[in-house]
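# Observations on the model geometry
This is what each chain is made of:
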Amino acid sequence: MNTLTSKTVTINRTVKEVYKFTTNMENFKSWFPKVIKIESNNSLNHAIVGKKYIETVIVPFKGESEISLNVVKAEENKIFITEGDFSPLFPKMTIKFHENSSNTTTLTWCMQSRNTNLIFTSLLLPIFKKIMNKRAKIGVQNLKTILEK
C-alpha cells in the first residue's frame with residue numbers, strides 16, 4: 001500500500017456531526033475538489049459496510065471518469081474506509097475521527113493506492129501524489145468551512 005497524501009484538520013463540531021456528514025458520501029462533491037457527482041448505488045444506509053457509490057470525478061489527461069466505491073470499514077465516530085475500482089490507482093480512502101474535549105473533532109483524511117506494481121509506483125505514483133496532495137489540502141479546508149457554518 002502506498003500513501004498518496006494525509007491531511008489533518010480540527011473542526012469546531014462534535015465528532016457525531018462530523019462523522020454523519022462526512023460518511024454520507026453523497027456530500028463528498030460539496031467539499032472535495034474535482035468530484036462532479038457521487039450517488040448511492042445500492043439501498044444500504046450511509047456508513048454501512050457494503051454501501052456502494054458511483055463517483056464521477058475529473059482525472060488529469062483523461063477527463064470525467066466514473067469510479068465504483070465500496071465502504072469496506074465503518075466504526076461510528078472513529079473510522080470510515082472506502083475502496084475504489086479506478087485502475088491503475090486502486091484508491092483506498094481512510095477517514096479517522098478523534099473527539100476532542102471541547103466539542104471539536106480532529107479529522108485525518110488519507111488516500112492510498114492499493115497498486116504495488118513497480119512500474120506504477122515508479123512512473124505514475126509520483127504524479128498521483130502531487131495531484132491528490134493538492135486536492136486533499138483544499139478538500140479538508142472546504143470540509144471545515146462547510147461544517148463550521
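Structural data are supplied above this passage.
Residues numbered from 1 in each chain as written. Predicted model: local features only at pLDDT ≥ 70, side-chain atom pairs only at ≥ 80, totals over all residues. Heavy atoms only, no water.

## Some thoughts on the nonpolar core
This is how it is decided: Think of a nonpolar core as a cluster: buried Ala, Val, Leu, Ile, Met, Phe, Trp, Tyr and Cys residues, connected wherever their side-chain atoms sit within 4.5 Å. Think of it in three bands: with a 1.4 Å probe and only protein chains considered, a residue is buried below 20% of the maximum accessible area for its type, exposed above 50%, and partly exposed in between. Helix numbers and strand numbers start at the N terminus; a helix is a DSSP run of H or I with at least 4 residues, a strand a run of E with at least 2. In what follows, a contact means two residues having at least one pair of non-hydrogen atoms within 4.5 Å.
If you look at the biggest cluster of nonpolar residues, it comprises 37 residues, and the most contacted ones within it are M25, F28, F80, M93, F97, L107 and W109. Secondary-structure elements contributing two or more residues to this core are β1 (2-11), α1 (15-22), β2 (35-40), β3 (52-59), β4 (63-75), β6 (91-99), β7 (105-113) and α2 (118-147). In contact with W109, not counting residues within four places along its chain, are T5, S6, K7, F28, W31, F32, M93, T94, I95, M132, A136 and V140.

## A look at the pattern of salt bridges
Here is the rule we go by: The term salt bridge refers to a side-chain nitrogen of Lys or Arg lying within 4 Å of a carboxyl oxygen of Asp or Glu.
All chains considered together, the criterion is met by three salt bridges. Taking the shortest distance from any N to any O, the salt bridge between R114 and E83 comes out at 3.8 Å. Placement of the pair is R114 in the loop between β7 and α2 and E83 in strand β5 (residues 79-84), with a sequence separation of 31 residues. Relative accessible area serves as the criterion here: at 29%, R114 is assigned to the partly exposed category.

## Here we look at the packing of aromatic side chains
Put simply, the rule is: The rule is short: rings of Phe, Tyr and Trp, with Trp giving its six-membered ring, pair when the centres are within 6.5 Å, and they are stacked under 30 degrees, edge-to-face over 60, tilted in between. Working rule: Lys NZ or Arg CZ, within 6 Å of ring centre, within 35 degrees of ring normal, means a charge sits over the ring.
Overall, the coordinates contain seven aromatic pairs when judged by the stated rule. An angle of 40 degrees between the planes, with centres 6.0 Å apart, marks the rings of F120 and F128 as tilted. In this structure F128 comes out as buried when scored by relative accessible area, which is 15%. A connected cluster of aromatic rings, assembled from ring pairs, spans F28, W31, F32 and W109. Above the face of the Y53 ring, K51 is positioned so that its terminal group lies 5.5 Å from the ring centre.

## What about the sheet that holds β5?
What counts, and what does not: When DSSP locates at least two bridges between a pair of strands, those strands are taken to pair. To get an axis, a line is fitted to the C-alpha atoms, and for a helix only the part in contact is used. The angle between two axes follows their N-to-C directions and goes from 0 to 180 degrees.
The antiparallel open sheet is built from seven strands, whose spatial order is β1-β7-β6-β5-β4-β3-β2. Strands with a single pairing partner mark the edges of an open sheet, and in this sheet they are β1 and β2. Along the sheet, successive strands turn relative to each other by an average axial angle of 20 degrees, direction set aside. Note that β6 and β7 share nine bridges and pair antiparallel. Bridge assignment links M93 to a residue of β7, and that residue is M111. In this fold α1 packs onto β1, β4, β5, β6 and β7, with an angle of close to 160 degrees to the strand it touches most, β6.

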